[in-house]
Amino acid sequence: MKSKLNKKLIERFSRQIILKDIGILGQKKILSSKVLIIGAGGLGSPAAEFLSRAGIGTLGVVDNDKVNLSNLHRQSLYTSSDIGKFKVQIAKNKIKKINPSTKINIYKFRLNNNNFKNIIDNYDYIVDGSDNFTTKFLLNDFCLRYKKILVTGAISKFDGHIFTFNFKNKNIPCLRCFFQETEISDDLLNCESEGILGTVAGIVGTMQANEVLKKILNIGTGLDGHIFILDLLHLNFRKVKIKKRKNCSCR
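> I tried to follow the pairing of strand β4 (residues 125–128) on my own but got confused; where do I start?
Taking every second residue as pointing to the same face, both faces of β4 are buried, with Tyr125 and Val127 on one and Ile126 and Asp128 on the other. Looking at chain direction, strand β1 (residues 34–38) and β4 are connected through four bridges and run parallel. Paired with Ile37 across the bridge in β4 is Val127. Pairing analysis gives four bridges linking β4 to strand β5 (residues 149–156), with the strands arranged parallel. Of the residues in β5, the one forming a bridge with Asp128 is Thr152.

> Sorry if this is basic, but what is going on with the pairing of strand β6 (residues 159–166) here?
One face of the sheet, then the other: side chains in a regular strand alternate in exactly this way. The buried fraction of β6 is high, at six of eight residues. Hairpin connection from β5 to β6: two residues lie between these consecutive antiparallel strands, with Lys157 at a positive phi of about 55 degrees. As judged from the five bridges shared by β6 and strand β7 (residues 226–231), these two strands associate in the antiparallel manner. Bridge pairing in β7 places Asp159 opposite Asp231.

> Honestly, the environment of Lys97 in this entry has me stumped. Any pointers?
With respect to the helices and strands, the residue Lys97 is situated in helix α5 (residues 87–98). The class for Lys97 is exposed, based on a relative accessible area of 69%. With 77 residues separating them in the primary sequence, Lys97 and Lys20 have C-alpha atoms 29 Å apart.

> Just checking my understanding: could you explain the pattern of salt bridges for this structure?
A pair can form between side chains of opposite charge whenever their charged atoms are brought close. Counting across every chain of the model gives seven salt bridges. The closest approach of N and O atoms between Arg176 and Asp141, which form a salt bridge, is 2.7 Å. Pair noted here: Arg176 is in helix α8 (residues 175–178) and Asp141 is in helix α7 (residues 133–146), with a separation of 35 residues, a long-range link. Accessibility expressed as a relative area gives 24% for Asp141, which makes it partly exposed.

> Please clarify how the environment of Ser156 should be interpreted in this entry.
Turning to its location among the elements, Ser156 is positioned in strand β5. Sequence separation between Ser156 and Lys239 is 83 residues, and the spatial gap between their C-alpha atoms is 18 Å.

> Even after reading the chapter, I still don't get helix α3 (residues 23–32), so can you show me in this structure?
Along an α-helix, a turn takes 3.6 residues, which lines up residues three or four apart on a common side. All of the buried residues along α3 are Gly23, Gly26, Gln27, Ile30 and Leu31. Within α3, the buried residues cover an arc of 145 degrees as seen down the axis, which keeps them to one side.

> How should I be thinking about the environment of Arg251 in this particular structure?
Summarising the element assignment, Arg251 is placed in the segment after β8 (236–241). Each C-alpha atom of the pair Arg251 and Gly195 lies 36 Å from the other, and the pair is 56 residues apart in sequence. Those residues within four positions of Arg251 in sequence are excluded, and the remaining contacts are Lys244, Arg245 and Lys246.

> Help me understand unusual backbone geometry, please; the structure alone is not making it clear to me.
Most peptide bonds are trans, and most residues other than glycine sit at a negative phi. Phi at Lys147 is positive, roughly 60 degrees, even though this residue is not glycine. The residue Asn218 is not glycine, and still its phi comes out positive at about 55 degrees. Checked against the element boundaries, Asn218 lands in the loop between α10 (198–217) and β7. The class for Asn218 is exposed, based on a relative accessible area of 70%.

Thresholds applied
Residues numbered from 1 in each chain as written. Predicted model: local features only at pLDDT ≥ 70, side-chain atom pairs only at ≥ 80, totals over all residues. Heavy atoms only, no water. Buried < 20%, exposed > 50% of the residue type's maximum accessible area, 1.4 Å probe, protein only. Helix = DSSP H or I, 4+ residues; strand = E, 2+ residues; numbered from the N terminus. Pairing = 2+ DSSP bridges. Salt bridge = Lys/Arg side-chain N within 4 Å of Asp/Glu carboxyl O. Arc of directions from axis to C-beta. Contact = heavy atoms within 4.5 Å.

Here it is, written out as structure tokens:
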């Protein structure tokens, strides 16, 4: 998408253009940016919505699931009439209604080594809204290899975690420095067994979108090499530095 701002676009984004950290030049950066979202569920839905509302030029969405009834309490792009339909197609239709100028690419598959390799070069920023560690480690490894910026989210019960990895910087740790595959289980991310309050997903997904926008604009304090931990039941928030593991592949 061309980053030219006409009168209509200036009016649409006027409330963020007037921010001194954004302005016309910042809005043009947003319009020129390409973001890929993995997972169109509890995290991916609000992330996609608010990135499109901010004016992201190209948005890719990867998911092979269909909408079911239990999704509706937390996955904000869907309604009861969408049950049984593919999430990516519904997401595309909804986002187009929100912002017709955003180009939407949808990928109706489960991410793996082969198909991710074919699309990752088309995007600058990757948003991880997946619900399993196999996919999270795959995203980590590919983003490290291709020097992408990865914003990872995880939710369970009343808690949320957000990581940002700017792999253009060789000195930052990666997800494997924090989690070791032998020590974790996908049950930690399983809403079916662990449960999740819908608002937690909305808050964390929206914060992921916010971190992407900050990276695009190069403003504020980021989470590079840190994890932001949210306990939304007791309103406790922590930002913890991640150290590089000596035997990690990111060294």
